[in-house]
Every structure is written in structure tokens, then in C-alpha cells.
Amino acid sequence: MLKRKKRNEAIENALADMARHKGGGSEFIQRMLRNKTGMIGTCICFVLIILCAGAPIFTKWDPYEQSLASKFILPNMEHIMGTDDFGRDLWCRLLYGGRYSLLIALGSAVISTVAGLVLGSCAGYFGGKTDLIITRFLDIIQAIPGLLLAIAISSALGSGPFNTMLAIAIGNIAGGARIMRSTVLSIRGNEFVEAAKATGSRDARIIFVHILPNTIAPLAINASMGIGGSIGAISGLSFIGLGVQPPTPEWGSILAVGKTYIRDFWPIVLFPALFIALTIFGFNLFGDALRDALDPKMRD
Amino acid sequence: MGELLRVEHLKKYFKTPGGMLHAVDDVSFSINKGETLGVVGESGCGKSTLGRVVLKLIDQTDGKIIYNGKDITNISKNENVELRKSMQIIFQDPYSSLNPRKKVSELIADPLKTFRMYNKEERQSRVYELMDMVGLSRRFADSYPHELDGGRRQRIGVARALSLDPEFIVCDEPVSALDVSIQAQILNLLQDLQEARNLTYIFVTHDLSVVRHISTDILVMYIGVMVEKCRAKELFKAPLHPYTKGLLSAIPVANIDHEKKRVVLQGELTSPIEPKNECRFAARCPYVTPKCREAMPELEEITPGHVVACHNVREINGL
Amino acid sequence: MSLLEIRNLSIHFVSHKQDIAAVNGVDLTIEKGKTMGLVGETGAGKTTTALGILNLIQKPQGRFLSGEIIYKGRDLLKLSEDEMRKVRGKEISMIFQDPMTALNPILPVGEQIAEVIRLHEKCSDAEAEKKSLQMLEMVGIRAERSGEYPHQFSGGMKQRVVIAIALACNPSFLIADEPTTALDVTIQAQVLEMMADLRNRFGTSMLLITHDLGIVAENCDDVAIMYAGEIIEIGTLERIFHNPKHPYTLGLFGSIPSLDKDEDRLHPIPGLMPDPAALPRGCKFHERCDRACEACSELIQELVEIEPGHKVRCHRVVKGEI
């Protein structure tokens, strides 16, 4: 009996030591690495970012240089994705264009998520008048169709990548804020929030330490979905001449221009669409993996 | 043994769409240091609200709370935060009362961090000390709450409440969510801690056998009002209020030789929203008289230390 | 005469990760017109046993490894799904623990009762409706309220509706899974009193699942104590309450605070329920048992009758060592 107890104790202590050596940060990375679909998503995002950031290394062409002699060339060894209506290399334009598309999409996702997080958590946590004012404000934003709002904002601010980013971000705030608000409301009802109050925590500490970490899951999903939507919105703005202006390469605007030639020349539509789809796919998988890795309940 | 807490005519009303909800309506009592006041009642009787108002976690509507000789009824926010060091709460649900994203050691250390007490190493050793105190093996320090069972989770809740070394703890149904054998472990733990640290408890529960076991005094609540309060043993030996009688006779007893005449109370709890000015128990009381419908009965000390709120208490009990 | 006989029932939940042994070789006989109390803590396998009787185990994870459930001479586990549907609700009914979620929130309660009657009995809508009103009155709810929705009823009233649904087709066997756990004591007393009254009137047999020995003492004829998927002690109410033998049963009794005796400390059972995915060898209780000996960790003990109407699964009790 005793012997067995001692043995059990030794095993337990060893297990405890093992557990202690697993630090927080490395544990997170390990869990990210173990998630297969998540890794695929992370790789896609990573490769896309590297390709776009290092565009000059991966292509010898210039995204702006026109050559009417070589327009509408089908993919070959020289132009792996063919050329567009001005004879510019499509692969090159897509890589350079990704710099704008990804930056604007990521940037607007970050801005709208942060703004939504602040507004939503304040509304959800403080309730009462704060909630009323913030939700009415969100109602106003949501009453205007997203693209229309983006059009209004970017025509007021003028075109250009940064303004486009801002315009799209503002339109996306309401959705994120609402998700945030309802999540915070449900978490606020838990007794551990009351427990934090009972142990003397002030509001800021309760929000940042106890509530926000528990809202990551819906927020991560919302943000990763938002990236896809943003790319669509950018192209929409570009199409009506408000977003990124030609000849600046941008996935949406390339796609928008290409639409005219869809019957006669498929690469100009297929490849930008493929890049956009890959990005959305990659970020969604990445968002899911992020949520799982941050959730201690998924720990095995 | 001095008086630690005195509550006078405490009221807490909530605004609801249907009108004022009288969650706590004129409750008065006092607790001596090192003793336990059991608060019993059925769901919705305001017992949990009472615990939270006494702790100043929510503000009272009216009344007075005197703690350690000091009136804490209208203290400032800063004073309230300071008060947390001496008043704590243990929650009912060991699942929702622990932040799922924090490890056990972080959960227990959280109050210490809030008050910036100790440095990191000292805090760690304090956490271990608390884990030993509540009988939680140190190997769980890096576990997350969902990896532990209800009993162990409740021990975390106890450790967290003890971390600031309080002298007064409100236990809000701390064992209701646990299995009987685990329930007994936690009850013993609470009693041991009380003895070792001279703690004072308010023990809120619906379980009468638990409350009898752990309390010095018992206060019975019915829809926001207190109907009876006396020494624990006396309440079980000689309950005076008809509601208490019904409540006691409703408990199933795990003894087949136990002879009892059962008075099954008919009807259900009436609404606490905008209650009429009558005895709240009148609708279910087997002894109801016209007098009961005319006014709310006042609390009256029938025998020394035994207060009852019932118009007909003397007639019913042949006193 | 026995109405329902469970023989050597084993139910496991198997996933790619683990094999959870929820019920391990349960034998249980319920006599006609009698109430059997099934007592145990969370995870003891009480509810799984009950769902097993109705063949409602979630598949494909849930698997019957062995066993027969003989009801009125037929093995329920051999019936087809169609035949089984005719048994559920008509022959055997079940009352669940949580009345809040057991009712459909968008249907009036009278309609919900009538639905069961229409399902199992060849009768017109008008007859079914009439019967549903009778059922409501029987469980102490005024018939006028049949058009109301579940949210308009309190918890105790909802549980009455659930009971009315369960009894609507005059089943001969009723399974009640913690029927009053979600209710207040005074309401619990009302509901239990009503159930006892109905049982007496219709001669329904019942399996009452509970963790509360008090409820068992006041409502059952026989008691079975379950631990880690096994029945560790079974017998008539008197035998179990006057002469409990198994250390776990004794532990359960020691854990309840008494209402009429003064005791300074309770005597809880140390430790926790074993993990059903990794049950200990030998006696499943030996790790928590204060009377365990070396042999307990190896020996697998069967239920043995130690006196008429009283069986225990503990080799030390059987050998007379305890």
C-alpha cells in the first residue's frame, strides 16, 4: 500500500515538474504547430506576405511599365501568369498589388477590431447610458450600407491607400462592436467577474484581465472574416474610382479592370480572384487556429 | 466575542419592467466574531442579494450596515476597495466563478496582484501556502480550472477568498453544486478554517441540513423578508413561524425510523414585485387569518434571541 | 413478479481517444408496483443505465457491450427502432431532471400532453385533448391553463406538466431521473407527494434516480447504490437503511449532516470518483476505502447475498471481516 502511494507521489511530482517547464509562450507556439489546418492557413498567409513584401526578388518586371506590343499574352515561361491589357506582367502586378491589398485589408481589420473592441466592451461592461449612446451610434453606422458609407468617407477624405483603409474600417466597426458587446455581456454575467470585484479589482483590471481574454474567440473569427470582406470592399471602391487608383496595382482594381475582358482573356480575372480567395482562406484558417491555441480548454 | 457586523432595516429593491422588485425588505441582524449566521430560504427569496449587499458588492436601497463598529453604509469607492481585504465571498457555481483562461496559481494570486501585495516569489509561496491550507495539491498550480472537478474547483474559490486574509466571508451556497461526499469535504474545510483563523461566516443556502450543521444562528427568509431568526438548534427543535415549520417538514430525512407529521405547504412563492402590504406568507399559510391580510407583521422577540414575524405566532404555538 | 429485469448490462462510450466505462455489468430487478431507488454520485452511471433501458444511448459512441433488459418477457435491446418507439412513452416513460428544458417553449402545455396521447393511442384529436385536460387536473394544474406556454409556469408547475406527459399513456414503468433536484424543498415535497399518490392509484412501477438518501427513504421500496458503473449494494429499503454494509454506502450516510443529531464534523469519503476512462483494477472503490486491504486492489468481487434481500459487492463484508 505504502509503496504504491510513494510511487504515485513520485509520478505526480515528475508530472508537475514537466507541466511547470512548459512555459506560456512556447506552449502557445507548440499548440499552434500541432494544429494541421491552422498550419496550412498560417503557411498560406506567410507565403503571401513574403511574396508581396519581397516582390522585386520574385519578379523581374516592372508593375507600371506598359508595352502595348505584348498585351494579352497567355501564361508562358516568360510571363507565368500572362500580361494584362497594357502588356504589364500579371504576376508582377499581383505581387506589387498585394502590398496594397494586404496592407489595407489587414490595417482596416486591425482598426475596426480595435475600435469595435473598445466600443463594444465599454457598452457591454458599463451598460446603462454608456450602452445606450454607443449602441445608438452603432445603429447609425449600420443604417447606412457599408459600401455606401465607405464611398461617402473616401470621397470626403479623398482617394489613396490610407483613406481607403480608414473608410473600410469605419464601415466594419459596428459588426465587431456588436459581437464584442454581446460577448462581454455574457461573460459579465459569470461569477468570476463578480469574484474579481469582490477581491477589490477596479473596472480597468476587470475588463483587461478577466473579460477581454475571454472574448478572443469570436473576435478572432470576426477579424479574419473581415479581411476577406475588406478585400472585396477595396475592389469595389477602386472600381468606382474612389479607392486605389490605376495604374497603382491592387487586387481589387486589377480584377475590376479585368472584368471587361472576361470573355476573351481569362487569366486577368482568374489570377487576382485566386489570390483574393487564397488570402481569405488562409486568414480564416489562421483565425480558427489562433482561437483554438489561445483557448486553454483545447489543451489536451 | 464581540459583534462584528450589524445590519439594521436593510432594504434592496430592483427596478424591473413590472415594478419594484423587493429582493430584500427590512432585514436586521447582527453576527458575533467567529460565529456563523445561516441564511435559509427558497430560490428567489433574496438570500443571495442579502449576502452581496452586506458585502457592499451592490448598494443598498435603505438601511444601515455597521462593520467592526464602523458605519459602512455609504463608504467611498476607495474605502470599498480597502474593505475587500477583510470581507470576502465564496460562490455557488465552481464553474462560472473561475476565469477559464487562468491557471490555478493565477486565480489564487489574482487578489494579491490587485492589491500589489508581495513580489513575485513571495506571491508564489503565498499561493502554495493557500493551496496547502485548502487541501489542494501543489501539482495543480499550473492546471486550468476545467481540468479539475467541482470539489477541487470549489477549493480554489476558497483559497482565492482567503488570499487577502479576510475576517468575514459570505458563503453563497458553496456546496450546492457538489456531490454529497465532496460536499462534506468542503463543509469540514470551511469549519476547520473558521476555527483556525477565527473567521465569521454568513452561510447562504437552501439546504437545511447543511445550515443546521454549520451555523450558530439561522435566519429564515421568505420573499425578501425575514420571518424567523434564532439559535440553530432552537430553530430545529422549536420552529415558531408557520413557514419555517413547513420548510422543516418538507426536508426528506435519510432515516426510515424517523416519524414525522408532514405539513406539505400548498401553493408556490408569490411574486416579489410590488408586493401587497400583507404578510408575504399569507397566500400559503395554513393558519391564515384576516389580520394577516391587513398588514405586514413586525419582527417580535418571542423568547430571548428568538425573533419571529407572524401576527398569530402565540396562537399557533400555544404560547 | 418482476416487471423489468436488467441482466449484466454494460455500456461504454468509445471514441478514438478513450473508452469510457459508464455502466459495468449492472443487474437490477424491479417488481411490479414497486419503486426502486437508484442512488449514486455524479458519474456513477445512473442516468446512462436509465437511458439504456429506453435504448436512448447516443450512438455511435455509446455501445452496449453486454446485457439483456427483459421487460414483460421481451428483451428491449433486441427490439427494432420502430418497436422500441412504441415502448417509449407508452409502456415506459421517463421524467428528466430539468423541467426548464424538457418542454418545448413554443407549444402550449395542453398540446404537448395531447401530442403523446395521439402518438400512442388510436383516438380522435378531441379525445386526446380531453385526456390532456384530465391529466393536467390530475397533476394539480387547473384545466384552464392548458392553453398557456411553458414560460408562464413556475419550475414546480413545469415539472408537474412533465409528469403529466410521462403518465399520459398509463405506462406500467416510469423512470424518474432526479425529478426534483431543480426544485425548492417545499415544492419538492408537493411533487413527490403527488407522484406517490399517482403511483398508488395506477400501480406504476418506478425507477427513481437520485443522489438524495432522504428522498429514497421516503419514496422507495428497494434501494440500489451505484458506484463507478457498478451496483455495489442492493436490497430492500429497511436492509439498506438499518444495516448498510458496503464502505461506500456507509460513507454516503456519514457525509450527510444530520437533522436531529449534533455532530462536530462530518465524515466525508476521501478522494474523488475514479475516472471512468481509467477505472482502477480490483474493487473500484478501494482507492477511497478506509477499510481496503491488499487484496482489494486485485480481487474482482461479485454481488453476493449476505442476508435475504440484501446483496453487497465487497469481499471483506462477504468474508465477515467487516
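In this text the structure is predicted, and so the values were computed from the model without any measurement.

Regarding the pattern of salt bridges
Residue and element names in this part refer to chain C.
Logical step 1: In total, this model carries 47 salt bridges over all chains according to the counting rule given.
Logical step 2: For the salt bridge of Arg88 with Glu81, the shortest nitrogen-to-oxygen distance reads 3.2 Å.
Logical step 3: In this structure Arg88 comes out as buried when scored by relative accessible area, which is 16%.
Logical step 4: Residue Glu81 is classed as partly exposed on the basis of its relative accessible area, which comes to 40%.

Quick look at the domain arrangement of chain B
Residue and element names in this part refer to chain B.
Logical step 1: Partitioning chain B into domains gives domain 1 (3-86 + 166-317) and domain 2 (98-154).
Logical step 2: Averaged C-alpha coordinates put domain 1 and domain 2 at centres separated by 31 Å.
Logical step 3: In this complex, domain 1 contributes 11 residues to the contact, which on the side of domain 2 involves 6 residues.
Logical step 4: Buried area between domain 1 and domain 2, both sides added, is near 710 Å², and the carbon and sulfur share of it is 76%.
Logical step 5: It is Lys85, Leu189 and Arg197 in domain 1 that bury the most area against domain 2; as a group they hold 41% of the surface buried on that side.
Logical step 6: At the boundary of domain 1 and domain 2, one finds 0 salt bridges.
Logical step 7: Linking domain 1 with domain 2 are 1 residue pair in polar contact (both at pLDDT 80 or more), by the criterion used here.
Logical step 8: Of all the elements in the fold, those that place two or more residues in the side of domain 1 that touches domain 2 are α2 (77-83) and α6 (180-197).
Logical step 9: Among the elements that take part in the side of domain 1 that touches domain 2, α6 stands out by supplying 5 residues, more than any other.

Description of unusual backbone geometry
Residues and elements named next belong to chain C.
Logical step 1: Here the amide bond leading from Lys59 into Pro60 is cis, since omega sits at 10 degrees, within 30 degrees of zero.
Logical step 2: Inspection of the secondary structure assignment puts Pro60 in the loop between α1 (46-53) and β4 (62-71).
Logical step 3: The backbone phi angle of Asn55 is positive, close to 55 degrees, even though this residue is not glycine.
Logical step 4: Look at Asn55 and you get buried, because its relative accessible area is 13%.

Brief notes about the sheet that holds strand β1 (residues 3-16) of chain B
All names here are of chain B.
Logical step 1: The strand order β2-β1-β4-β5 describes an open sheet built from 4 strands, whose pairing is antiparallel. Strand pairing shows two members of the sheet lacking a second neighbour, β2 (19-32) and β5 (70-71), which therefore form its edges.
Logical step 2: Across 5 bridges, the pairing between β1 and strand β4 (residues 62-67) is antiparallel. Bridging across to β4, Lys11 finds its partner in Asp62.
Logical step 3: Sheet contacts for helix α1 (residues 47-54): β1, β2 and β4; angle to β1, the most-contacted strand, approximately 120 degrees.

The rules behind each value
Residues numbered from 1 in each chain as written. Chains lettered and ligands numbered in written order. Predicted model: local features only at pLDDT ≥ 70, side-chain atom pairs only at ≥ 80, totals over all residues. Heavy atoms only, no water. Salt bridge = Lys/Arg side-chain N within 4 Å of Asp/Glu carboxyl O. Buried < 20%, exposed > 50% of the residue type's maximum accessible area, 1.4 Å probe, protein only. Domains from an automatic or database assignment. Contact = heavy atoms within 4.5 Å. Buried area = accessible area lost by both parts, 1.4 Å probe. Polar contact = N/O pair within 3.5 Å; in protein donor to acceptor, adjacent residues only side chain to side chain. Helix = DSSP H or I, 4+ residues; strand = E, 2+ residues; numbered from the N terminus. Pairing = 2+ DSSP bridges. Axes fitted to C-alpha atoms, helices over the stretch in contact; angles between N-to-C directions.

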